[in-house]
Structures are given as structure tokens and as C-alpha cells.
Amino acid sequence: MWIPSNNKYGVAIHNWHGDVRFGLALDVGDSVDIVEECTYWYRGSCPRKSRAVGIFPKTYVHIKDLSKIDPVVAECTQVLREWSEIWKRLYVDREAYKFQTLRKVMFSILESRRELLSATMTQDQTLELQMVVVSKIDWGNRKLGLDLVPREGPLAVDPHSIGIVKLYNVHVSSADNAKASSSRGTLRRKTQRKILTHHLYFCMRGFGYRIGGDDAEVYFFLYDGTHMRPLSERFLFKISKDGFTNYTEKLHSNCTVFTDLGAADLNEDLHLVAVVMRVGKIIQSDSIKKIEKSGAYGHGPTFRRPFGVGILSLSDIAHFDSSLEQSSDEREYNFKLFQCEEKDFHLLPELIIKKSNGKYSPIQPSQGTQGIDVSLKLLHGGLGQARQEQPLLFQGTTITRKMGFPDVIMPGDVRNDLFLTLERGEFERGGKNTGKNILVTVVVLDETGTVLTDCLWGASGMDAQAQYRSMILYHQNTPNWNEMLRLCVPIDKFATAHVRFEFRHCSTREKTEPKLFAFSFARLMDTGGATLRDGQHDLFVYKCEDPAKLQPANYLRLQCRQGDPQAKMDCGGCFSRHSRETFYLRSLLCSTKLTQNADLLSLLQWRTNPETIQDSLTGVLRLNDEELVKFLQDVLDALFAMFSNEEGNSTQHSGLVFHVLVSIFSLLQSNKFQHFRPVMNEYIENHFAAALVYKGLITSVEHMAVFMTKAEHPDPFQKCFGSLEYIFKLLIQSRRLFARATGGQYEDSFRRDLHSLFTALNGMLAVPSYDVIIPTQEALLNSTGVVLEQLKDTLPAPELGMLARNMLDAIPRGAPIRLIQAKLHAVKDLVSGELFHEDDSRTVVLSVACKHLRMHLSRRDELRLCAEILSEILSQLYDLQKEQRDKVTNTLQHDLDSLCKNILGILIRTISIIMEGSNAVLPQLVSCLLGLLQLLDETHYKRYWDELSPNKDPRDLKEFLSKSLMVYEELLTQDWHVFPNDWLVMKLAANDVLRMSLEEFAKPLVYRFLAPNGFDSQLWWSYFSLAVAFLTQPSLQLEQYREPKRLKILHSHGDMRVLMGFQILSMWSQLGEQKLHFIPSMVGPFLEVTLVPEPALRKATLSVFYDMMQCEQAARGSFRLVESELIDKLDLLISVNKGDDEYRELFSTMEHLSLVLLEKVQMENPNWKDAGIAFIGSVTRLLERLLDYRSVMQGEENRDKRMTCTVNLLNFYKNEINRKEMYLRYIYKLHNLHLQAENYTEAGFTLKLYASMLSWDRETQSFAPFDNSGQPEWQRKERLYHEILKYFDKGKCWEKGIPLCKELAQLYETRRFDYNKLSDILIQEAKFFQNILTQLRPEPEYFRVGFYGMGLPLFVRNKQFVYRGLEYERIGAFTQRLQTEFPSAQILGNNSPPDNAILNAPEQYIQISNVRPVGDAQSLKTAMVPVPEKIARFYEVNDVTRFIYDRPMYKGPVDKDNEFKSLWIERTILEISSPLPGILRWFEVKQKSMQELTPVEYACEIISNAGKELSDLIVQYKRDPKRNINPFSMRLQGTIDANVMGGISKYQEAFFSEQFLKSPQGAGQQANVQRLKALILEQIQILEQALELHGQLAPSGVQPLHNRLLERFSQLKQSLSGMGRLKRQHSESIVNTPLPPLPTEQRVAQATASTSVNANSHANYVYDLDEIYTRPGDTLRPVDPLSSYQTLSKESLSIPLEDGSAPPVPNRPRSQNFITNGAMDSPEVPPKRQPAGNSPGAPPLPPRGITPDKRASNPLIFNDFGNSDAVGRRHSSQQQQHGQKYSVVDISYDDPEADQQPHSLPPNFQDGSGGHLSVCFAPNDFRDSGISTTSSRELNHMNLNNLSEDSSSISASTVHHREHCRVSSNGSLDIHASASMNITQRESSASSFDVEDLPVPPPPIPPKSLAVSTSNGVSIGIDEAHSPNPSTQLNHIQNQNHSTNSHHHLGHQQQQNGDSDGYTMLQHQANGLATLPPPAAAAAAVEVPPPLPASAIASSSSHQHDGGTF
């Protein structure tokens, strides 16, 4: 049975794993909040585990009594837990400084917490430590941006235990303290008063000097460097001859406290002086000798001799900040000693301070010391307070008094000190040549000669002495001692005591006592009772050598100084004096019992000398303040005795006595004597006895009031009215004494006199003010409060109220501002005084205060004083209400009603007005408003509503409610902006008060403004708007807080949103039929309510939407307004970051709820149900998109995600709900995002969406989002078009801008006839055309990105996208960019499809790979001529929706020695939703298909691509022979040398055997095998051409390398000997020989579905018989839909066979060059020129400039289009011009740098005069077979600038230089080659060679930055491996076609795929780039394009491989 526990709190004492059902795991030290308990278990939560509630055993938890826990310790615990999380975050964010600082503070707080828990300190120490800790906490909270903790002292306040006004004041003071706090714990707290008294703690720490074997005495005192005088008495510290550390005379004897330092003393010139005196023989050498002789001192006398002086400046300590509550720590100092001549020793402190360096010198301290070491600490407050705060410092410590009184004299202070300074003496030589060594002995005696003991101190720190002996100055007759003494003579002996100064001469001889030779004396008091006056005294020196004669009776008759009134004789008797001998003494009296003033003494003795009263009173007015205060009681008694006679009538001295009284009272008002006020009160209550003075006092004050305007000097009047407090206290006490003595006689007369007095005072205030009397009027008003407070027991409350009202009303309305402020201060004094605590007087005072508050609030002047008065009233009433909580008195209720009636309305109006500006008093006024609302209950509100609607007139009530709701809403919508952001406690308390008041504000709405005739929709709307603002204010969104803070708020205040939400629902239900007034305006507010993540509130609010729909349906027939408003508000609210994922579930809950409710509706509206369900579903889908958008709204890294979400939203608004304005808004949002990312092309496409919605024909006004200026629709579209054109121009997408230019041109030409604009747009269009042909445009790369895992956002989760890369962005940079966008995602290392474990994992995975675009340019399919390269290449990588990528795989058994046999390629085709580029740089993959390429097909692609790359190099070097030869050399070396060890031989081994053809892998691959053989032959020819060109270009230094290449090439041809021979036929034998017709009827079409045929890489069959002749067939292939735009129609060179056998041989043997329209079976028969009439149409030459994407290794796929016959006929006339030899040459054009040079050889194969090769070309009948049919002359006449490379001839661009071929009788293929490349010479010089000797084309050289993985795993740069000059190599490569370079992205491919490295090496091996053993090749794999469908593979084999190797 679970029993609720009363908030128990415990701590885990052992680890518990929580391995039971509902168990809560705990670690040692975890705190737990216990909710329930049973026998053995607790149930609760752990603050460290957010929101986790579970069970745990009782035995594992120790219960703690929260009441016994120190609140500061508990706060430390909470703060450390909260800071630890922030501290960790600072580490992650790399904020090193904050991290380290916070760490130090946390450790400090932890240590302080440990000390507090130890409970070993005193209360004072504990309080001090608590203050230090909370100071550090406040500092940390402020630095970390956490909430302010309101405090009173070290403890946080409970907001529920104090009123909200006081809570505001606590916040203000706490905020000031927090700003002044520091990490060290020092506080700069604002003090209510200035600290006037300070004390300096001093401790002697070390003395680093040796005095030469003598003891030493060090005298410390404070010194004023400004006036060059000491401030304190001296403090003595003795040093033994053995050193400082060995002296332990008394504990704490090295410490003292210099007391009573005032603010004036703490200045820049405050110094600490140390005077060091040596104690020993007069001459120091005598002491040293004596010690050396006997090892100890003798018994002779020792004397004090000067040694040195040290000065320590205390300027840093003097810089005391009075706002520092805690003193600074004790600090250590050190300083050095200086010495000078003895005669100047008394001036040495002054000399050192003035830095007179020439008159003194430093004394070097002992080795290893710094001189004198001391420590100092400044203490504050009175001495008693300092003792209480720092008890340890005063324990055993000496007190060193100040020479004078402190700034604040405490009543209990008793001092009787007389300070004497022995300044100097002047003595005669006495007939001797040398001066005397004079010693002064000071003795205090009474008149009988008795020595007064215990009253003489030479310094503090020493015991009282009977006599004091001064120091000795050697041989000085005018010595300057400058030594201070302190006398403390008892009062009773002071009058008869005197001080005697005895002068002795001290001899340097041993054991000789000092000899008396003279004396002086000074009397301490004269006969009148005045003590020795302060200042210097010149004392007479009397001769005396006999000590026995020194009797007071002998010398007291003499004069002690000139003009001594007590002397009876000038000189005589046994004593004589010399006129030149004088002793100078300075005295200073600090006594609270004795005085030096004769006037004061005569005043106190006025009865003895009545004739001197007038002079005494006048003298007292001039007295020092301290003298009056010392004898305050005696002086007052004397004055009151003189003030009136025994009958109470005035005397002749009454006026002057009143003047003196006022002066004394005014003196007590000063800060110096503020502590004497209690003394004065004590005197009035217990000692004052003048019962008759009240009449005189009343008369005197009235007289002053009447004659104020006539006074010449205002000071006495100001003092009089400023002292009314004491005057009235004395007046009332006197009347009370009189009434007590007479039984209350003359009471009426007394009251009349009082009223008369107040009438005079009122008249004084009513006088028009001017500068002279304003201070007097202010003084009167400042005293009003205390005066009326004194009369509370004398006059009844109504009379007091009348007096107060009349006095305050007497002030004129236009009085000066100073007087107005004084009046309000008087009101404040009244409400804060005792009158306000009593019921009777409070009502009167409150009415007076309210009257003046209303006046000034309405005028909005002196608002700060008004706020302070109101705060005081509310605080007092709150405390009273709290005291009377059980039974509130009617008086208090009435006062609250009065306050509400008078203040509430005007206060709200004032706040509403000043809220528009920035007024500093606004927060305090708002707190007053809240405080007033806090005091009111239901009855007060009800009476106030009745008050505002008299006679049921609701206008005033409506105005008040409207204004109030407006003010409240303004406060809430700005999240209580009147308070600082960190005042969360204040904001929560304010919300609590406001919520309860809103409950009362709702009642008049229901009862007075809901009836049909009185309904006020605006008022109701204000209420609903305010309630929603309350719900949605940031400070109440508890989800944003950390768990401990959230729980704390819930515990103290609950979730106020829920209460307010249900209050809104209640008010909505009250509306009834009036609900229609709030549809749809209330949709937004209620939607905000549903966004509060509180399930109960949400579900309750969702029913309101149904209610709205039902109301609108019933009233208007549909709920379209609700639907439209809901969508608008939902979009708006989500965009400002409101709502969460749970919202979708709640909307489906709403859908179910609606279904349930709709079933209850009768079948009146059957369509409504369907519409409602559709509406809810639509909103749910919208919310999904909005929440996705909200999650990526912030952060630069989320910009791409924002783009995706924006596109999703704009598509939703366009397609699903057709909201044009929302659609346009998101178009512009997407446009702005693109501009930020500099995606100009995409920005143009985005704006094009908007432009497509506009028409050229409409003149209606059109408004764009974020643009309020309307335009006609056609102008808006025109403006958009120009903007789009600007973006397309910036994005270099001119092809997309040209149609817009045409459209604008048509507008200007045919509709607007604006030829100026027409010319401009045509110029721009022309510029676009020109840019297409002349500007360099980098081709982008495309990447497939797969997002897998449940941790990804919904809009990308488990989807694939194709991304368009940025300019020059490769896969490495792209991957890094994507990782920045998804920092938590893991990059998958391979391209295998992810399994379900990855798809369903909670993590994030990303798979990235390159893909190749498949171009399909519809605009180029109508081309009648070859398309220029620059035009065509744009469409290869733009406007694409299809992409391919390859992946290698193995089928069947894998041969470890040759893996090519089983290496298949899986080609994946991706189709995206929209073409790229578009409105995004990426689109989702919508369709995916796969194909497979057989090993042979893949080998054909590899060989073809390699051949083309080498051909490109040949073309480049023929065009620019001056290029750096190194890349060419390296390519040839790599190709030829590598193939010696492998490469083509692997293909021979794998595919050219009968075993392969008969194997399952070779089934159906015969055509591909033949094609592979032909490609190898072509590659040999290309290598031969390359070597010949290399030999011509190679300089002499490279010729050895060239010779080696020739040798290697010969070996390469030998390695190919197994392929058979092809014999060359002489062209002369077939020129005129007719051929019989070919039996074409026997040919049967052969199916080659799995074979991809290209124009230059056909399946070539080798025949044993050479009688066979054929020519290319005329039949065209069908157009392949997957192919590109570029490829022209080609004929297949494969021979259709039945059953795989060869066709029958025709009867005519060796008939050659006979051309028919049949198909040509073999490419080895040279054609005969056809007559023009029957020449079959051949395709044209490949257009120049179209180079496939060289980044890809697989061929691009192109469409065949057009009729080859039609295209071919354009050359028919040229074909008949020359009878020329033929060569099997396939021509291509390569234009890497857009230089408009063709890729074919003819431009460089010129005649011999140019130093180049001359080539004859065969007719173009055989173009499809790879045989060139264009002569050099034809090529010279061609317009090369209009040529564009046919992309289908990628491999055809390789120069296939085939010689005359024939089929030998033995079946071998013989090829006759001439020694020269000039084909005209080959007729006679032909010879045959083996096919094995044919060269193999080399692989291309990748860019230098790319790496190739070697067989041992080492990655090397290709160029670095082959080029002796890598920089030159790189420079050459950079000058090549960027397409040629860019397709070599091997490095990127290796980064992308972990399984591609080895496979890439296989490609190199196959093409002769690297030599790998078979195992290394076996381990390799890279994705390669799969085969396309049979209809789409016509040209695929000629393209490059995906990996980019070739």
C-alpha cells in the first residue's frame, strides 16, 4: 500500500542499478525527492534524471531533515548541479576563459560549502562566509545569464511570504548587489548610509635589521602627510638583540588596531611611520665592546637612541570604496629604514615624504630580508561593530587611539586622554665646549607631590608607567625629541594634578647615572575648571641639580609659562631660570568629561554668575560641536531653567535660549552625532523636568513662522523648522508633565495654542515661494510627518487628519518643484510612520495620501515619489492583511476599498500613457499595480464594479476594463519587458497575481456585457487576446527550462497556463450565440493555446475548433473562414518557432474527435463530414511540413535544409490548397535563401515560378510579398523577367535566359512597340549568344546522396537525392560540406545498398558517390549541321534528369591469376523528379533501374577510352608542338613499359581463347571479342603515330628515352604475335577491278542484344579467305530513347550470320573495290570511289568540339537522330573530286580550350612543306566502319568553326591509321605498313607485320593531385611517379582541355568508395599504366556502368569508365 509522503528528501548512500520493474537507478550521492512510500520501498524522482519517476529500496537512501539544512548549503548544492551542465557545454564550445573561471568559482563554492557543513565557525564567521558564497553565486549567475536570486542578506526570499511590491524592492537591491559582486566574493552593496568610521588593523611580521648587539624599540603611528602631523598615538613593539623571531614578551604584542579613522583621514597622504630606537649605551661602540668583553651587558644604564625611520604610504588602503560591504583581505607590505643626522631626526618623516634625498640615506637590511614586514587590514563601522564582526582580530590586540574624536561620537564613548608632545628644548652650554646629552623624564603628580601611577603611557603596547624617559640626542643643547605621550588622569584628580619635566645630562661614562640640571612643569587645569588648552606651550626651565628640592610646594607657586594666572611669584626661592632656556610642549585634549571652554563652564554655572548669562549664551553659540555634546544633559537643564520662570512666563533671555536650543537640536541632526538621538530621546523621556516650557516653545515657534518673511538671515529659521521633531517632543513632554502635576488643567487652551501654531505654519507654507524661504518651507515639510506623529496621543485622529490635510493643501498648486517634492516626502513620512499602523489614524492618512497621489499621477509629475509612496502604502497594507489573515477588520477592508477606488483607475491610465516611452519609473509603477491587485479580493472587485457603473450605466466600467486589458496585454506580449530578463521570480509572481485578477475581470464581461442588447465584442476580444498572450508568454514556457528549474517552478507556482487555458474555454462556452462574432478571429488565439505542450489543455481546446466549424457551418453554410484562418495562423505560428512534433498526433486526435461528434449531428449536412475530414487531413500534412521547416529555421548550416522544406511548403500551397499568397511568400523565401548561398541560377528558376503565374495581357494591380507597391501585372512580369535574366547571367546559364529575351522582344515589338527596350533586350540576347561561345564555364559534378537511418529529418529520411555540385567542387569538398550540414551523420564507406539494420537504426548515415549525367537536349535534335562544342557541352551536364553510376562485381569462378574473366559491371540508372539545374541544387530520386556489362564489353570500354586519351594527346601536340614534352613522354613510357608486364596480354589470355568462347561466360560474346581485337589493333596504330610524333618533337636530351620507347614498343608488338596476321593489299590491284554483286539475300540479321556497337569500335570478324568483300550497309538503326542528342546514324559492321557461321564465299575470287548497296562484312577491304549518282549517303564527319564528360570513365549515351543519307549527301560532290588513295583512319576533333580547332588529324596532317604528315582519306562511303572518307583538301575547305565533335565518336576520335589490309590464304591478318606516314608512299613500300606488333593506346595521365593506389597499398601521385619535372607536368596538364583533366577524378573516386582502389588499378593494368600481379588485380573493384538495353547501347562502349582512370 503506497502512502503519500510529505515531500521527503533523501540521499543515496549506495549504488543501486534499478534492475526491477519501474526501478530507478541511483548512484552514491544522488538526491531523491520521495513522493510515496510503502514498507520497504520509496517511490520518487532524482533531479539528475529528467522526469524519471521510479522505485528504490529504503535501505539505500538516507532521509534528511530539510528544516535542519542550511539554506545557503542547499543553494550551493543546487547551483553546483546547474553550473556543472553549463560548465561541460563551455568545454564543448571551446570557451576556455569562461571554462577556467567557472571552474575556479565552482571549486571555491564547493570548499565554502564544506566549511559551512562542518559547523565549526562562530555565527559571525558563518555569516561572513555565507555572504562571500552568495556573492560568488550571484556573480556566476550573472555571467552565465541565469536568473537573479532575490535575497535578504545571504538567504533567498520566498516570493509567497512577502508582497509583490516588497519582492520588487528586494529584486532591485539584489540586482545591484549582483552587479557589484565578483568571483572572489567581495561585494559592492549599496549602503543606506555612508560609513563614517574606520579602523586599521596592523601586525608586525618581520624586522630585517640588526642593531649591533642592542635591543630596539619600534614606534608605529599614522601620519598625515598633508599637514605633517601624527594622526594617532604611538604603538610600541620591542625587538630583542637576538632578533625579531626570538622575542616573545607577550602574545599578540606585535598587533594593534589604529581606531577611529574618519573619511577625511583616508586620503592619498596617509602614511604609516616606523621610528626605530636603539636601546643601549649612548655610543653604540661601547655596547659592542662590552659584549665582546663579557658576553653580556653590564649593570650600567641604557638609553634610547635614534636609529632610523621608515615610511609606508597607505594610499592604496586609503582608496576605500564605501560601497564595499566586506573589507578587503589582509595585505602584506614591506618598507626600508632611513637615517640622517641626529639634529634632523625629528624631521626625518617629513624629509622622506617630501623625498629630500640629499638629507637622508637608506639603512641596508640584513641579507635575505626586505626590511620591515607588516600586514594591514581596513575595518569599518564603529569600534563595537568592528569587534563584533572581527572578534579574532581584537583578541589580545592593543588599541591605539586617534589623537582626536572620531567622525561619529557614540553616546557610550568615554575618553579622558591628554596627549602631550615633547617637541624641543633650548638650553645653555653652561661654560662647556660640547653640548649635553639631555634626557627628559616626565612625571605626573598631584599638588602634594604624590606620583600618580597608571596614568602615563609613552605608547600603546606598553604598560602604564610612573615616569617616562625620552630618547637622547648626542651633544645637543637644542634637542628636538618630538615624542608623544598620553596622559589619562582620573577626573577627580585632574584639577590638582600637574606634569613635571626633569632634564638630566647623561654621561658616556660607564655606571654614571644621569645628572639632574633643570626642570619644567605644566598645570593640567586652571582655577575655573578649564583644562590645559590645546596647542603649543612655552614652558619655563628652572635650574635645579638637587632632586630633593623638587617638591611641588616649592615650584607650584612659580609660573609654569608666561602669564600663568595661578602663579604667586615670577621667580624666586631655591630655583632660578635663564631667559633663553625654554621647553616647548604641545598638548591635545580628547575628553568627554573635561572642557577647555570657559563660556561653557560659565553657562553651566549661570546661577553663580547671573550677570554673565548673556555673554555665556553668545559664547555657547560659537562653541565647538563636540564640547556641547559632551555636556548635553547639563547644558539643556541649564538652558530650560533660563528659558522660563517658575510661573512659566518668558524671561529676558528666552529668545536667546531658544536660539541656543535650536542650534543644539540642529547639531543633533548631523551625521556626526546621529547616534546621540537616542540619548536625546532618553533625556526627554526620563530626565526632562521643565513642565512649564511648552507655552514658551509654542509661542517661539509661532513667532518664527509669522516673522519668517521678514527675516534677514534665514539660517535660524531653517534650523528651527528642521528641529521641530525635538521641539514638539519637548513641548508635548512638558505639557504631559504639567497635566500630570495639575490634573489636566488648561487642556482646551493647549489645543487652541496648537491649532493657532498650525495655522501659522500653514500660512508660512502658503506664502509665495522664492529662493530665500524655500529651504525653510522644505525644512517644515520634512518635519511634518514626525510632528504629527508626536501628536497622535495628544489629538484625536480626525483632528490630526485635518491638520495634515490643511498643511499639505496650503501649498499653492503652482509651487516650485522643490516644494512639491518636499510635500510628497512629507506624505511618504506619514504613510511610513506610526500613524499608518493604527486603524483610526490610517484611514485619515490614507485619504490624504490618495488625494495627492491622484493629483500627481493624473499630471504624471513626480512619478518616482508617487511610486515610492504607493509602494510604502501597499507594503504596509500587505503586512496588515497578513497579520489579520484569520479575521480582517472592517477598517482594513474599507481602506482597501478606498485605495482601489482612488488609485486603481488613475494608476492604469498613467501606466498606459508612459508605456509608450521609456520611463525609468515604469517598473515600480507596474509593481504597485500588481501589489494593489494582490490585495483585492472578490468583494473589493464587486464594490468597484458597482462604483464604476452607477445607475447601471456601463460606460465607465467598459472604459476601465478596456484600458486595463490593454495594459495587461501590452505587458504580457513583451514578456514583462518592464523587468529585466533575469527576474524570473518576479515575472512568475506577477503572472500569479495577474491570473487571479483576470478571473475577477471576467465576471463583469459575463454578467454585464454578454446580453444581446449590451454585448461588446471588442471587450470580449480584448479579454481573449489577453488570455492567449498570458498563455504564450516566454516566461511560462516551462519546456525551455532545465529539469530542476522546471520542477521548482511547478512546485511553487504550478503550470499557470493550464489554469488560464481552462479559464479561456470556460469563457468561450459562456458566449453561446455570440460565438459567431469571434469566427474566424479567434482561430489564431485558440491555435496558440493548442501549441502549449500540455495534453489536457490541448485536447480541451481542440474541441473549440469543432465548435467554431459547427457555428460557421450553421450560420454561413461552410467553414471556409475557419479553414483559411487556421492555415494562415498555423503557418505564422510555426514560423515563429511554436509547436512541436506531438501536434500531429493531436490533430489526428482531433480528427477522431470530429468523427465522433459528427456522428451525433443529424443527417442535415451530409457533405460537412467529408469536408471536415478532408480539411483535418490537409492541415495535418501542412503541419508536418511546417514542423520540418521550423526545425531548420536557424543556423547557417541548415540553409540547404531550409531550402528543401521551403520547396515542400510552396508545393503544398500550390497543389493541395491553392493558396496563392502563401505560395508566393515561400517563393520569395526560397529566392532569398538562394541569394544568400549565391545560387543565382536557382534563384532565377525560383522567380520564374512567380513569373509564370502572371500574364502579359492583364492590367490589374499585382502585389508581391514583402512589397506593398502595386504594379500592373504585365509590368510585374516584365520586372521579374529582367531580374531573372540578371540571375541567369550571373549563374552563366545563358541558354535559359535566351527564351525570356525572345519573349520580352516579342512584347516590346508586337504589343508595346517600345523599340528602345527592344534594342536593349536584343543586345542582351546577342550578348548571351556570344557568352555561350566565348566564356569559360566549369562543368559541375553530380553526386548521389543517400540518407539512411531514423535519426534524420523526415524530409530526407531513407531517401536518395542527386546533388549538383558547386563550381569546381569535387567529391571531397562536397562530402565535407554535407558533413557540416549533418554533423551527427556517419559517412558509409561503400556504395552497396544499405540493409534494414541501417535503415531502421536511430543513428544517421549518409552514402555519397559520383554519378554521370545522361544528356538529352531536345533543342539540338533538329540540328542540320554539327553543333559547336560549346553549345553541345552545356546540354551534356544541364537539363538532365537521368544519371548513371557503376559498381564492379564478380560472377562465376574467379581466376586469381586473371580476374578480368569474371569482372562484370553493374550500372545503375537514376531518374530524378525535376531536371537540374532547377529551383534547387538537388532533387529526389524517383526511379531507379539497373543493367549489367559483361567482362568483354567492359574490356572494350577500357581499351577504347585509353585509345582516345592518347589520340587527344597527339592532336594537342600536333596543334601546339611547343608544349612541354614531358607529359607526352611519360604517357608513352607508362603505356608501353607497363604493357610489357601485363595489360593487353591479360585480355588476350582471358578472352581470345577458344576455351573462353566455349565457356558459359563466353556464350554470345564472339562479336564483343572481335570488337576487342579491333580496338587493340587500333591502339597499336595510335601508339605508332604517337611514337613517330614524339620522335620529331623530342629534344636531344629526351632522344635516349625515345629510343628506349621504340625498343619497348617492338617488344610490345612481339607480345601480340598470337593474334594472327592481316596482309595489306596494294591499292593498285583493286582500283579498276570490277566486283560482282554481293549475295545479300543470304545474309540473315544477327541478334546482338548484349553487344554495344560504336562507330569506331565495331565487331571485326577475321576471315581465313580474302575473297570476301562487303561494304557498309545502308540500313539505319532505330533511335535509342536512352541515347543522347549527338550521335549520328551509324551502320553496324557486324556480319549477320545464321547459327553463328560465316556467310558463303562468292564465286568471283579476289574481286575488290566493287561497291554495291549491300552491307560491308569487313573493314579490311578498301572502298572504291562511287560515282555521284548512286553513292549511298554516309553520315557526316563528327562535329567538332563536343567532348564527352572526361570525368567519367564510362561512355555517355546518345540518341541517333536524323537520316544518315540526308546528312551524308552534303559531301557527295566532294567525294568525286579526287581519285585518291585510302587509309583506314578514323577522324575526331578535340578542342580542350575552346580554341575552335578540330579534334581530327587533318589540320595537323598537312603536306610536307609544313613539316607535318600528309594523309590521304578514303571516300566517306565507309565512315561507319571507321574508315575516313574526307580528303585533306576537303578538310582544308571545311568551316572548322562550325564543326562540333560527335559525342558518339569518343573512341572514334582516336586516329585509326589502318593500312591496306588483306586476308591471307592461311587465315592470318597481314598489314602492310610504309616507313613513312605519307600514304602516297605506301603503295610501293608496303610491308606486312604481325598484329602482335601493333601498339596499344596508353592510358591518360591523371592530374598531379590525384593518387593511384599501388599493389602494396602505397598511394602515389601519378605525375610524380612518371614525370621528372612534376611542376612542368602539372603546368602542361593545366593547359590541356579542362574536360580532359576533369574526367581523371581517380582520387575522388577512391575517397568515395572503399572498394574502388584495387579496381582502378585493374583499369590501369589493362591499359598499360601499371604493372600489377594478378592477386593485386583480383583484390580490386570499382563501379563500372552496366550495359544499357539493346536499343540503347549503340555507342556506350566508346565512352569513358566511371572511375575516371582513362
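Described in the following lines is the structure provided in the data block. (Residues numbered from 1 in each chain as written. Predicted model: local features only at pLDDT ≥ 70, side-chain atom pairs only at ≥ 80, totals over all residues. Heavy atoms only, no water.)

With that settled, the discussion passes to the sheet that holds strand E3 (residues 41-45). Strand order in the open sheet formed by 5 strands is E4-E3-E2-E1-E5, and the pairing between neighbours is antiparallel. Where the open sheet ends on each side, the last strands, each with one partner, are strand E4 (53-57) and strand E5 (61-64). In this sheet, adjacent strand axes meet at a mean angle of 45° when their direction is disregarded. Inspection of the sheet shows E3 paired to E4 by 5 bridges, in the antiparallel sense. The partner of Ser45 across the bridge, within E4, is Val53. (Pairing = 2+ DSSP bridges. Helix = DSSP H or I, 4+ residues; strand = E, 2+ residues; numbered from the N terminus. Axes fitted to C-alpha atoms, helices over the stretch in contact; angles between N-to-C directions.)

A few words on unusual backbone geometry. The omega angle of the peptide bond from Leu1476 to Pro1477 is 0°, so this bond is cis rather than trans. By the element assignment, Pro1477 lies in the loop between strand E36 (1463-1476) and strand E37 (1482-1493).

What follows covers helix H49 (residues 1495-1519). Under the 1.5 Å per step criterion, the end-to-end length of H49 is 36 Å for 25 residues, consistent within 8% with the ideal 36 Å. Of all the 25 residues making up H49, 24 are buried; the element is thus mostly covered by neighbouring parts of the structure. (Expected span 1.5 Å × (residues − 1). Buried < 20%, exposed > 50% of the residue type's maximum accessible area, 1.4 Å probe, protein only.)

What follows deals with the sheet that holds strand E18 (residues 372-380). Taken in spatial order, the 5 strands make up an open sheet running E15-E18-E8-E12-E19, and their pairing is mixed. Edge positions in the sheet fall to strand E15 (331-335) and strand E19 (398-400), since each of these pairs with one other strand and no more. Adjacent strand axes in the sheet meet at a mean angle of 30°, parallel and antiparallel pairs treated alike. Two elements, E15 and E18, share 5 bridges in a ladder whose sense is antiparallel. Each residue of the ladder has a partner; that of Glu332, found in E18, is Ser375.

A few words on the side chain of Glu862. Looking at the element boundaries, Glu862 is found in the loop between helix H25 (839-859) and helix H26 (863-883). As a buried residue without a salt bridge, Glu862 has its nearest oppositely charged side chain in Arg864, at a separation of 8.3 Å. A polar side-chain atom of Glu862 sits 3.4 Å from a polar atom in the side chain of Gln821. Apart from the residues within four sequence positions on either side, Glu862 is in contact with Ile817, Ile820, Gln821 and Leu824. (Lys, Arg positive; Asp, Glu negative; His and termini not counted. Salt bridge = Lys/Arg side-chain N within 4 Å of Asp/Glu carboxyl O. Polar contact = N/O pair within 3.5 Å; in protein donor to acceptor, adjacent residues only side chain to side chain. Contact = heavy atoms within 4.5 Å.)

As a further point, take empty space enclosed by the protein. Using the criterion set out here, one finds 15 cavities of 30 Å³ or more in the structure. The calculated volume of the largest cavity comes to roughly 210 Å³. What lines the largest cavity is a set of 15 residues, and nearest its centre among them are Phe221, Val275, Pro349, Trp481 and Asn482. Broken down by secondary-structure element, the contributors of at least two residues to the lining of the largest cavity are strand E9 (215-224), strand E13 (270-280) and strand E24 (480-487). For the lining of the largest cavity, the element with the most residues is E24, which contributes 4 residues. (1 Å grid on protein atoms, 1.4 Å probe; cavity = no way out; pocket = protein on both sides within 12 Å on 5 of 7 lines; lining within 4 Å. Points joined across faces, edges and corners; volume = space filled by probe spheres on them.)

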